[in-house]
Amino acid sequence: MDKIRWCKDAPIPLSEAQLDDLRRIVLRTINKNQVLILTNIPRVPASITSVLRGISQRFHVPLSTLKRNAQMLRDLNLIKYGEAQNFSGVELTELGRFISELTVSEEPTILGNMVQTRSGFRPLGTVIKDLRKRVLRIIAEAGSGHLGASLSAVDILAILYFMRMRYDPKNSNWPDRDRLVLSKGHAAPALYAVLAEAGFFPVEELTTLREMGGILQGHPEMGIPGVDASTGSLGQGLSIAVGMAIAAKLDGSGYRVYALLGDGELDEGQIWEAALTAAHHGLDNLTVIVDRNGFQLTGRTEDVKKIEPLEEKWRAFGWEAVGADGHDPASILTALDSCDLTSGRPSAIIAHTTKGKGVSFMEGNSYSRKTPSAQELVRALSELA
Ligand SMILES: Cc1ncc(C[n+]2csc(CCOP(=O)(O)OP(=O)(O)O)c2C)c(N)n1
């Protein structure tokens, strides 16, 4: 094998192919803010606060988010700070130096807002816009599908898959992968668009949405590469996620389980049974995200069946609960960070979203179940151009 000494901090000589594999795994294991910290720690002594402040100002990331990520890096033994009596600065460990070089060496564009997709590193904002366009096109082409519900969940799914979750699109059953249960399974078009962009299956497959004989039906099914649970009957997904999180604990696996729920879906009693079970078992490897778009099929959630105060309800059930702006990546990431740092109990993020987000005349509930006409599609795509 063509061995090279590529990186002076590499513990062993690695071939380029091995380095590529390693880089891919590392970039899916640590998140973008952690990469920012690792790659911006100066080699000269500096205090952790001044380093994080500098990164916060340059890359517009909240200081609190960086602080939490610095703690995670310290737990992973990639950085050191604030421990020895005569050492008040921050520095990379030997392993941290290697990981830092690995993440920036050939892809300096990881800095800023770039994320890894099937077609290389791309700006997150562009990726999200393209996902919205794809969702619109495939639902219009299929002639049916839950458009408003899909558009409200696009940002959350993109952040999870491109900035947070660990998985391998070439090995979709990798046992240690993080899991996502799309409990609001009717938002399948958004999940399919994200999975294709992440490289689980060809983007061309998306055009077969809801076609007889195609794999991409109206609701997610196991067997579709990247889909971790079959869903669609509202109310059941959290129970599946709880089972997965218990299995991870029993197996001593470190994977995390995410469940994306609709706010109308919370009318289902099974959600609250599962919530009690998760708290009882102290499932701190489980994160629920409620897509709080304010509507269900027949109207506003507060008119159909009151659910507020929602954060307090989750807390009363023994969960950590935080709010977030479900269309703001920084806000979603901050909420995910605080869930990662919660121990001994599961966490819920109430992500405030807009149904039909991104297209002015689709925002609200009118495109809950309606398919855009050819003219509406053109108008919608031009708004996202
Ligand atoms: C058990 C069950 N009942 C009814 C439906 C039909 N249904 C599909 S989407 C939907 C509305 C869900 O509303 P919400 O959870 O708020 O999600 P949103 O579409 O607003 O994102 C309903 C009732 C279903 N899929 N499962």
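Residues numbered from 1 in each chain as written. Predicted model: local features only at pLDDT ≥ 70, side-chain atom pairs only at ≥ 80, totals over all residues. Heavy atoms only, no water.

**Student:** Is there a simple way to explain the overall build of the protein in this structure?
**Tutor:** The secondary structure content of the protein amounts to 14 helices and eleven strands. The C-alpha radius of gyration of the protein comes to 21 Å, within 12% of the 21 Å expected for a compact globule of 385 residues. Across the 385 residues that make up the protein, the buried fraction comes to 55%. Once local pairs closer than 6 in sequence are excluded, the contacts in the protein between residues at least 24 apart make up 71%. Accessible surface computed for the protein: about 16200 Å², of which carbon and sulfur atoms make up 51%. Across the protein, 43 positive and 45 negative side-chain charges occur, with their mean positions spaced 3 Å apart. (Helix = DSSP H or I, 4+ residues; strand = E, 2+ residues; numbered from the N terminus. Rg over C-alpha atoms; globule rule 2.2 N^0.38 Å. Buried < 20%, exposed > 50% of the residue type's maximum accessible area, 1.4 Å probe, protein only. Contact = heavy atoms within 4.5 Å. Areas by Shrake-Rupley, 256 points an atom, 1.4 Å probe, with all protein chains shown as cover. Lys, Arg positive; Asp, Glu negative; His and termini not counted. Charge placed at Lys NZ, Arg CZ, Asp CG, Glu CD.)

**Student:** Could you clarify how one ought to interpret the environment of Thr29 in this entry?
**Tutor:** The topology assignment puts Thr29 in helix α1 (residues 16-29). Residues Thr29 and Leu209, spaced 180 residues apart in sequence, show a C-alpha to C-alpha distance of 31 Å. In terms of polar contacts, Thr29 uses its side chain to reach the backbone carbonyl oxygen of Ile25, at 2.6 Å. (Polar contact = N/O pair within 3.5 Å; in protein donor to acceptor, adjacent residues only side chain to side chain.)

**Student:** Would you mind showing me how to read the environment of Val359 here?
**Tutor:** With respect to the helices, strands and loops of the structure, Val359 is situated in the loop between β11 (347-352) and α14 (374-383). Under the relative-accessibility criterion, Val359 is labelled buried at 0%. The residues contacting Val359, other than those within four sequence positions of it, are Leu136, Ala380, Glu383 and Leu384.

**Student:** Would you mind going over the domain arrangement of the protein with me for this structure?
**Tutor:** By convention, interface size is frequently given as the accessible area that disappears when the constituent parts associate. Taken domain by domain, the protein comprises domain 1 (16-111) and domain 2 (115-374). The distance between the C-alpha centroids of domain 1 and domain 2 comes to 29 Å. At the interface, 16 residues of domain 1 touch 19 residues of domain 2. Contact between domain 1 and domain 2 buries roughly 1600 Å² in total, counting both sides, with carbon and sulfur atoms accounting for 56%. The largest share of the area that domain 1 buries against domain 2 comes from Arg24, Arg28 and Arg68, three residues that together contribute 44% of it. If you look at where domain 1 meets domain 2, you find zero salt bridges. There are two residue pairs in polar contact (both at pLDDT 80 or more) connecting domain 1 and domain 2. Every element with two or more residues in the side of domain 1 that touches domain 2 is listed here: α1, α2 (32-39) and α4 (63-75). (Domains from an automatic or database assignment. Buried area = accessible area lost by both parts, 1.4 Å probe. Salt bridge = Lys/Arg side-chain N within 4 Å of Asp/Glu carboxyl O.)

**Student:** Is there a simple way to think about helix α9 (residues 237-251) in this case?
**Tutor:** Helix length check: α9, at 15 residues, gives a terminal C-alpha distance of 21 Å against a target of 21 Å (1.5 Å per residue), a fit within 8%. Along α9, the residues that are buried comprise Gly237, Leu238, Ala241, Val242, Met244, Ala245 and Ala248. All buried residues of α9 fall inside an arc of 160° around its axis, so they share one side. Set apart from the buried face of α9 by more than 90 degrees, the exposed residues are Leu250 and Asp251. Buried-residue contacts for α9 involve β5 (179-182), β6 (257-262), α10 (269-280), β7 (286-292) and α12 (310-316). Directly beyond the C-terminal end of α9, a positive phi value near 70° is found at Gly252. (Expected span 1.5 Å × (residues − 1). Arc of directions from axis to C-beta.)

**Student:** Would you take a moment to explain empty space enclosed by the protein for this structure?
**Tutor:** Take a probe with the size of a water molecule and roll it over the atoms, and the empty space left behind shows itself. All chains considered together, the criterion is met by two cavities of 30 Å³ or more. When its volume is computed, the largest cavity comes out at roughly 170 Å³. Around the largest cavity sit 16 residues that line it, and Leu27, Ile30, Gln116, Phe162 and Met163 are the ones nearest its centre. Listed by contribution, the elements that provide at least two residues to the lining of the largest cavity are α1, α2, β3 (114-117) and α7 (147-164). Here the lining of the largest cavity takes four residues from α7, the largest share from any one element. Within the lining of the largest cavity, the residues separate by chemical class into eleven nonpolar, two polar and three charged. (1 Å grid on protein atoms, 1.4 Å probe; cavity = no way out; pocket = protein on both sides within 12 Å on 5 of 7 lines; lining within 4 Å. Points joined across faces, edges and corners; volume = space filled by probe spheres on them. Nonpolar A, V, L, I, M, F, W, Y, C, P; charged D, E, K, R; others polar.)

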